[in-house]
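Structural description and commentary
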Amino acid sequence: NIKSAIPKEGFNFPAKLPLVLIEKASSLNEDGVLQVATRAGFLNKNYLVAEDITRGKTYIFREEEKSLTVYSKENDFVYVASIENPPTSVSVPDETLISTAENFLKENFLASNEGIHFSSINYLLDEGEHLSIASREEANLFKINFSPIDSQIKFVEDNPLNSNVSVWLTPLGQILKAEIKKISSARFSPQEVNLKTYEEFNTSLSTSTLVSLDNGNVFPGDLPEGSVGEITVETVEIVYYQGDVSQNFYQPVF
């Protein structure tokens, strides 16, 4: 049972928007993977190679306090650093966090012709087993999201906190994690697609899909059937979403 608490005057969106057309990055061979790892500071050639069922050949590099996982088929990277993130009420400004994240990506993972654009920032409270959205003052984790094209509309994935490129930082600007899904190029489509009207939006709620709960900490498939009895939609925004990774475009969705 899905119902909306959004008034018509709160539904202020354009009638049309373009798609974002993309060209995916080429798959990496082993030499390409090693070049990326070396540039990111992983000089030890004793890496692991695994075969991921959905993402193909996977390379795992480890140094003392950091690791890098490369999904060669999709040209995707996951960087993780082991940094103590103590509770602190002190944090650097958002502008500094954004520039730190952007410079880290450009120095370690992006080619000179690859552009990224700041999209959004998530203020998060990491309590060990639980991650929740917080105010900036409460946050002990800052997630900087980037998009492949300069857009006022942010890009999301199935977990709405995720983007195709993101960097996680401590309040003092130390890099904890980075997730990079390479896109070769992106551009807006010359034609625009129609967006739902307020009436169409409300009518379509009954056919919408629940993708995550508790800010991405719980997924519906992990719960017994019938656990979710009713949903009330209190806020709505437009985002760019790819859906099927085989598609070569992102579309605007509510």
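We now turn to the structure provided with this report. (Residues numbered from 1 in each chain as written. Predicted model: local features only at pLDDT ≥ 70, side-chain atom pairs only at ≥ 80, totals over all residues. Heavy atoms only, no water.)

What follows concerns the overall build of the chain. Across its full length, the chain carries 3 helices and 16 strands. For 254 residues, the compact-globule estimate of 2.2 N^0.38 gives 18 Å, and the chain sits close to it at 20 Å. Each principal axis of the C-alpha atoms in the chain carries an extent, and together these give about 60 × 45 × 40 Å. Per-residue burial over the chain gives 38% buried out of 254 residues. Just so you have it, the chain exposes about 14400 Å², and 49% of that area is on carbon and sulfur atoms. Distance between charge centroids for the chain: 6 Å, based on 20 positive and 36 negative side chains. (Helix = DSSP H or I, 4+ residues; strand = E, 2+ residues; numbered from the N terminus. Rg over C-alpha atoms; globule rule 2.2 N^0.38 Å. Buried < 20%, exposed > 50% of the residue type's maximum accessible area, 1.4 Å probe, protein only. Areas by Shrake-Rupley, 256 points an atom, 1.4 Å probe, with all protein chains shown as cover. Lys, Arg positive; Asp, Glu negative; His and termini not counted. Charge placed at Lys NZ, Arg CZ, Asp CG, Glu CD.)

The pairing of strand 3 (residues 48-52) with strand 4 (residues 56-62) spans 5 bridges and is classified as antiparallel. Within strand 4, the position partnered with Glu 51 by the bridge is Lys 57. Counted between consecutive antiparallel strands, the loop separating strand 3 from strand 4 contains 3 residues. (Pairing = 2+ DSSP bridges.)

Within this structure, the stated rule accounts for 17 aromatic pairs. Centre to centre, the rings of Phe 11 and Phe 254 are 5.3 Å apart; their planes meet at 35°, and the pair counts as tilted. With Phe 11 in the loop between strand 1 (2-4) and strand 2 (16-24) and Phe 254 in the segment after strand 16 (249-253), this pair connects stretches of sequence that are 243 residues apart. On the basis of relative accessible area, Phe 11 is assigned to the buried category, the value being 11%. (Phe/Tyr/Trp six-rings, centres within 6.5 Å; stacked < 30°, edge-to-face > 60°.)

This next bit is on the sheet that holds strand 10 (residues 155-156). Spatially, 5 strands are ordered 10-15-16-2-13 in an open sheet, and the strand pairing comes out mixed. Two strands close off the open sheet at either side, each with one partner strand: strand 10 and strand 13 (183-194). Sheet analysis places strand 10 next to strand 15 (residues 239-241), joined by 2 bridges and oriented parallel. The residue of strand 15 that forms the bridge with Phe 155 is Tyr 240.

On to helix 1 (residues 30-39). Restricting attention to buried positions, one finds in helix 1 the residues Gly 32, Val 33, Leu 34, Val 36 and Ala 37. The backbone nitrogen of Asp 31 has a side-chain oxygen 3.2 Å away, supplied by the residue at the start of helix 1, namely Asn 29. Following helix 1 by one or two positions, Gly 41 has its phi on the positive side, about 95°. (Polar contact = N/O pair within 3.5 Å; in protein donor to acceptor, adjacent residues only side chain to side chain.)

As summarised here, the arrangement of the 9 strands in space is 3-4-5-6-12-11-9-7-8, forming an open sheet in which the pairing is antiparallel. Of all the strands in the sheet, just strand 3 and strand 8 (131-133) have a single pairing partner and so form its edges. Averaged over all pairs of adjacent strands, the angle between their axes in this sheet comes to 20°, without regard to strand direction. Examined bridge by bridge, strand 4 and strand 5 (residues 66-71) share 5 bridges and lie antiparallel to one another. Across the sheet, residue Arg 62 finds its bridge partner in strand 5, namely Ser 67. Across the face of the sheet, helix 1 comes into contact with strand 4, strand 5 and strand 6 (76-81) while running at roughly 30° to strand 4. Docked against the sheet, helix 2 (residues 94-108) engages strand 6, strand 7 (117-126), strand 9 (141-147), strand 11 (165-169) and strand 12 (175-181), running at close to 60° with respect to strand 9. (Axes fitted to C-alpha atoms, helices over the stretch in contact; angles between N-to-C directions. Contact = heavy atoms within 4.5 Å.)

On to the pattern of salt bridges, then. For the structure on display, the rule yields 10 salt bridges. A salt bridge links Arg 136 to Asp 94, with the shortest nitrogen-to-oxygen separation between them at 2.8 Å. Taken together, the residues span a long stretch of sequence, with Arg 136 in the loop between strand 8 and strand 9 and Asp 94 in helix 2 at a distance of 42 residues. Taking relative accessible area as the criterion, Arg 136 reaches 23% and is therefore assigned partly exposed. Relative accessible area serves as the criterion here: at 18%, Asp 94 is assigned to the buried category. The partner of Lys 181 in a salt bridge is Glu 157, with the nearest N and O atoms 3.0 Å apart. (Salt bridge = Lys/Arg side-chain N within 4 Å of Asp/Glu carboxyl O.)

Before going further, it helps to examine a nonpolar patch on the surface. A cluster of nonpolar residues, Leu 210, Leu 223 and Val 228, forms a patch on the protein surface that exposes about 200 Å² of accessible area. With respect to the element layout, Leu 223 can be found in the loop between helix 3 (198-204) and strand 14 (231-233). (Patch = residues over 30% accessible without salt bridge, like charges linked within 9 Å, V, L, I, M, F, W, Y side chains within 5 Å.)

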